[in-house]
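Residue-level structural notes
Spelled out, the chains give:
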Amino acid sequence: MRMPQRGPDRGRIAIIGLPSLWLTVFFLVPFVIILRMSLSDPASAQPPYRPLLDWSQGWAGIRLFIEGLDLENYATILTDPLYASAFLTSVRIAATGTLLTLLAGYPIALAMARASRRWQPFLIALIFLPFWTSFLIRVYAWIAILEQDGLLNQVLLAAGLVSAPLMLLNTEIAVQIGIVYTYLPFMVLPIYAALEKQDGSLVEAAQDLGSTPARAFWQVTLPLSLPGVLGGCILVFIPVMGEFIIPDLLGGSDMLMVGRLVWTEFFSNRDWPMASTIAVMLLAILALPIVIGQRRAGVGSMKP
Amino acid sequence: MKRGLTRFNVTSLVLGMAFLYLPILILVIYSFNASRLVTVWGGFSTHWYRGLLSNGPLMQSAWISLQLGIVSATLATIIGAALALALTRLGPFRGRGLLAFLGFAPLVMPEIITGLSLLLLFIVIGLDRGFWTVAIAHVTFTSCFVAVIVQSRLVSFDRSLEEAAVDLGATPAAAFRLVTIPIVLPAIAAGWMLAFTLSLDDLVIASFTSGPGATTLPMRIYSQVRLGVTPEINAISTLLIAIVTVTVLAITITLKRENSTG
Amino acid sequence: MAADSPSASHAIVIRGVSKSFGAVTALEGIDLSIRKGEFFSLLGPSGSGKTTLMRIIAGFEQPDKGSLMIDGEEMAGVPPHLRPVNMMFQSYALFPHLTVAGNIAFGLRQQRLGRPAIEARTAEMLKLVQLEALAGRKPHQLSGGQRQRVALARALARGPKVLLLDEPLGALDKRLRQETQAELKRIQLSTGTTFVVVTHDQEEAMALSDRMAIMMDGKIIQVDAPGTVYDRPANRQVAAFVGDLNQFPARVEAGPDGVLLASAKGIPGKIAIAGSAVPQTEECWLVLRPEHMRLAALADGSADHWMACRVEDRAHLGAQVAYRLCLPDGRIVLAQAPAQAPEASQMAGAAILVGFRAADARVLR
């Protein structure tokens, strides 16, 4: 039920109005600007894009402005192999990274869900503590480990497992390690949440009906945890698609992912329209997972 | 879920935790390395920490990040709490669906797009980039995280508490002040701390929206990291990890108290 | 009820109240008067509208039609915080951030009484519910029974004209329920407050109430003292809701000397009924309570009508033994006999006679 009156109307207007206004001005409007920028052309001028809207010419100015907009950038992205391969690389790396994170995260989530009730809050805190630590620092920490003369190579050489140091940093392996490392909590928590609320007697019932423990897992536990798996995969896939720091610090200079491409187009090439177009294309690819994500509101589980 | 750990479960937990914590532990240990070589242990030293204090630009960036965190977390808490209230307590209103979407989308929007779109906005409206543009950008995305935390508290608390207050003679406004606010307060505090750490962490959005004189700590660290691993960065990173760990413990304790009284 | 006039002797007078939520009708044409100082129950299955009616009295819902008077004053447009009623919530709704004393004092603070007056009244209430020792505790440090008493003290602190109790014993275990029932009665008598209890538990309503209203499908079916509802239920549904019941499809015809004769399926002979409001032409039911059934090996004078049957099952309830009996046509009859009675020793499968007195039989729609 609703309270008959919730304070004065002014309060109601302020409570709705403040976030509405803020998010409209600083989230919705910027998005419209990106859309408009993606239809423009770069120019060696200040500001570095055309057309500009000239209000002083009235309607004629608006007409000129609209005629100046085109879909050229989108055509370029779809035809130029550089851009197409950046998108394909991003999708491939994000999909592989999501799968690896799932493989690493599921056993952890399963173990957490099976731990005693008293231990569970502690384990959740332990899984989430690194998430709060600076992303940049966590990625940086891997550089010293993966370097040519880094700690991992020192250990491998000392153990006699390799005869010469492995080339790890600036490879896709390093990028995947970085992805699994930084996004593991996002995968573990939704799966844990799905497993934790499962009725323990279901597995016992399956075993009572003749399933081996392994079959009970495949036929009961796993299928019932699939919503959590889907939630975790969405929470990992979306940000990895736009990832900038991991490929920049751990990947080689030839590893072109979409996030890095936006950065380069904007800061190095000063091609604002192309940077915007890439951003819009990225969003278009992510639209479906984002909508599924909101439906499931899996982000609610990001509480510490 | 059935309780009791198999050997496989224990192994997964141990390996998982080792994977999560070893890199950070190594970083912390090597921040006390006397040697400048980051991968060779040269004895214990706090040399690099003392060096930080005399690193003027780094200290200045740390100061900017601190101010930025406090300012943006405070604004984000106000806006995020209002957003949570609007979506849970005010019933249906025109545009509620749109507001719910606007409150959710920044959570999943790739940072690079948020940063780029805000930068373009600041250029179009002719706002000079600096401290306040980064603050606006941080408020925009962190307020949605605050909203998530406050909202989950508002949704889970028994509506009959507010009714009981009104039934006992409190006006709706007094019921809100005397019952709703005190019960939601721990979530609001946790939201503030989350917004603060998110602001302190952010590199990508700050890089887009910052201007001269407003180089945040992550931006400063990033520019040095690109040149390679140095003990100074290990030292400043260790300090940041310590700050965040303390903050997170504070949040956890706050929320625990909230849960036990809620 | 129409005879009741909204006078000084009534705490609550409801006239023609209806309420819908969208397409769902929650209440339809409710008329009800509750006397001052009465322990009154609204009894009905879930979805019967009893909670909605209570929330209308508290002011949390507005009726679509009809009027509500509390203590002689019209309540239309009066918000909940200005009504002279207080409520004990089903969840208790104790404020988790306040102590026991803080919870009890909450309503008093809203009245802007002075600090000494608030403290005195709080102490009085703590004494009433015997929680003086726990005044400084927070709700999460209390047991279920203690929470219930805090909720009661908090609701009574302002001295309401009417106390509304939403399933007051619902969250307590069985043993605690009986103690608490007595406690509620004691407090109701000592404060003289009108208590209105909403419950779906007929035993609770019967044990507590001076009078009760049976609600079904948004309507009030019957308002009477518990004994009257049990012995003279308004219809078969009410009869079955307030206790176990044996039911036989029947027809009624006029007999000699103004006596009505009922013929029921499965029962030999015609049963002389003392009085019935059911028209003779209509389909109706002959109903009998299990405790009115007699068991015997041979027909004797303890009953007017006997039927042969077989013992299907028996359950020892302590002082009583409950039987499930099977009539030749397959109909099941419930019966109870004192555990000491000789016929109580019948085993499952035994053939026996079951009978009843015509005076105990009722004909209902």
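Residues numbered from 1 in each chain as written. Chains lettered and ligands numbered in written order. Predicted model: local features only at pLDDT ≥ 70, side-chain atom pairs only at ≥ 80, totals over all residues. Heavy atoms only, no water.

Counting secondary structure elements, chain B contains eleven helices and zero strands. Going residue by residue from the N terminus, the α and β elements of chain B occur as α-α-α-α-α-α-α-α-α-α-α. Expressed as lengths along the three principal axes of its C-alpha atoms, the size of chain B is roughly 70 × 60 × 30 Å. Here chain B holds 262 residues, and 59% of them are scored as buried. Contacts in chain B between residues far apart in sequence, at least 24 positions, make up 71% of those at least 6 positions apart. Only carbon and sulfur atoms are counted for the fraction: they give 70% of the accessible area of chain B, which is about 10,000 Å². On chain B, the mean spot of the 16 positive side-chain charges and the mean spot of the 10 negative ones are 8 Å from each other. (Helix = DSSP H or I, 4+ residues; strand = E, 2+ residues; numbered from the N terminus. Buried < 20%, exposed > 50% of the residue type's maximum accessible area, 1.4 Å probe, protein only. Contact = heavy atoms within 4.5 Å. Areas by Shrake-Rupley, 256 points an atom, 1.4 Å probe, with all protein chains shown as cover. Lys, Arg positive; Asp, Glu negative; His and termini not counted. Charge placed at Lys NZ, Arg CZ, Asp CG, Glu CD.)

Taken as a whole, chain C shows an average pLDDT of 88; of its residues, 96% reach a score of 70 or greater. If you check the scores for this complex, the pTM reads 0.79 and the ipTM reads 0.88. (pLDDT = per-residue confidence, 0-100.)

Residue and element names in this part refer to chain C. Strand order in the open sheet made by the five strands is β15-β19-β16-β17-β18, with antiparallel pairing throughout. Each edge of the sheet is formed by a strand with only one pairing partner; in this case those strands are β15 (294–296) and β18 (332–338). Pairs of neighbouring strands in the sheet enclose a mean axial angle of 45 degrees, with direction left out of account. One ladder, built from six bridges, connects strand β16 (residues 305–316) with strand β19 (residues 351–356); its direction is antiparallel. Bridging from a neighbouring strand, A308 pairs with L353 of β19. (Pairing = 2+ DSSP bridges. Axes fitted to C-alpha atoms, helices over the stretch in contact; angles between N-to-C directions.)

This part is about unusual backbone geometry. Cis geometry marks the peptide bond from R50 of chain A to P51 of chain A, where omega comes out at 0 degrees. Along the polypeptide, P51 of chain A turns up in the loop between β2 (49–50) and α2 (59–68). Even without a glycine there, the phi angle at Y92 of chain C is positive, about 75 degrees. One can find Y92 of chain C in the loop between β6 (85–88) and α2 (100–110). Residues other than glycine seldom take positive phi values, yet R112 of chain C does so here, at roughly 55 degrees.

Looking now at the pairing of β18 of chain C. Residues and elements named next belong to chain C. Only one face of β18 is covered, namely the face carrying V333, A335 and A337; the face carrying I332, L334, Q336 and P338 is uncovered. As paired strands, strand β17 (residues 320–326) and β18 are joined by seven bridges and run antiparallel to one another. Bridge pairing links V321 to A337 in β18.

Next up on the list: helix α9 (residues 200–208) of chain A. Residue and element names in this part refer to chain A. Residues of α9 that are buried: G200, V203 and A206. Buried residues of α9, viewed axially, fall in a sector of 130 degrees; they line one side. If you follow the buried residues of α9, they end up packed against α10 (213–241). Phi turns positive, to about 105 degrees, at G210, one or two residues after α9. (Arc of directions from axis to C-beta.)

This brings us to the interface of chain A and chain B. Opposite the 98 residues of chain A that make contact, chain B presents 93 residues. When chain A packs against chain B, close to 9,000 Å² is buried across both sides, 78% of that on carbon and sulfur atoms. On the chain A side of the contact with chain B, R114, W132 and Y140 of chain A bury the most area, a combined 10% of that side's loss. Counting every contact that joins chain A to chain B gives one salt bridge. Across the salt bridge formed by D248 of chain A and R226 of chain B, the nearest N and O atoms sit 3.7 Å from each other. Counting across the interface, chain A meets chain B through nine residue pairs in polar contact (both at pLDDT 80 or more). In terms of residue count, the dominant contributor to the side of chain A that touches chain B is helix α1 (residues 9–38) of chain A (19 residues). (Buried area = accessible area lost by both parts, 1.4 Å probe. Salt bridge = Lys/Arg side-chain N within 4 Å of Asp/Glu carboxyl O. Polar contact = N/O pair within 3.5 Å; in protein donor to acceptor, adjacent residues only side chain to side chain.)

The next thing to look at is α2 of chain C. In terms of burial, α2 of chain C is largely enclosed, as nine of its eleven residues are buried. For α2 of chain C, the full list of buried residues reads V100, G102, N103, I104, A105, F106, G107, L108 and Q110 of chain C. Structurally, α2 of chain C contributes buried residues whose contacts are with α7 (160–167) and α8 (172–201) of chain B together with α3 (115–128) and α4 (144–156) of chain C. One or two steps after α2 of chain C, the chain reaches R112 of chain C, where phi turns positive at roughly 55 degrees.

With that settled, consider the sheet that holds strand β9 (residues 211–216) of chain C. The pairing of strands in a sheet happens through backbone hydrogen bonds and is either parallel or antiparallel. Residue and element names in this part refer to chain C. Strand order across the open sheet formed by six strands is β6-β7-β8-β3-β9-β10, with mixed pairing between neighbours. Either end of the sheet is taken by a strand with one partner, and the two such strands are β6 and β10 (219–224). Averaged over all pairs of adjacent strands, the angle between their axes in this sheet comes to 20 degrees, without regard to strand direction. The strands that helix α1 (residues 50–58) touches are β3 (39–43), β6, β7 (162–166), β8 (194–199) and β9; relative to β7, the one it contacts most, it runs at about 145 degrees. α4 contacts β6, β7 and β8 of the sheet and is inclined by roughly 175 degrees relative to β6.

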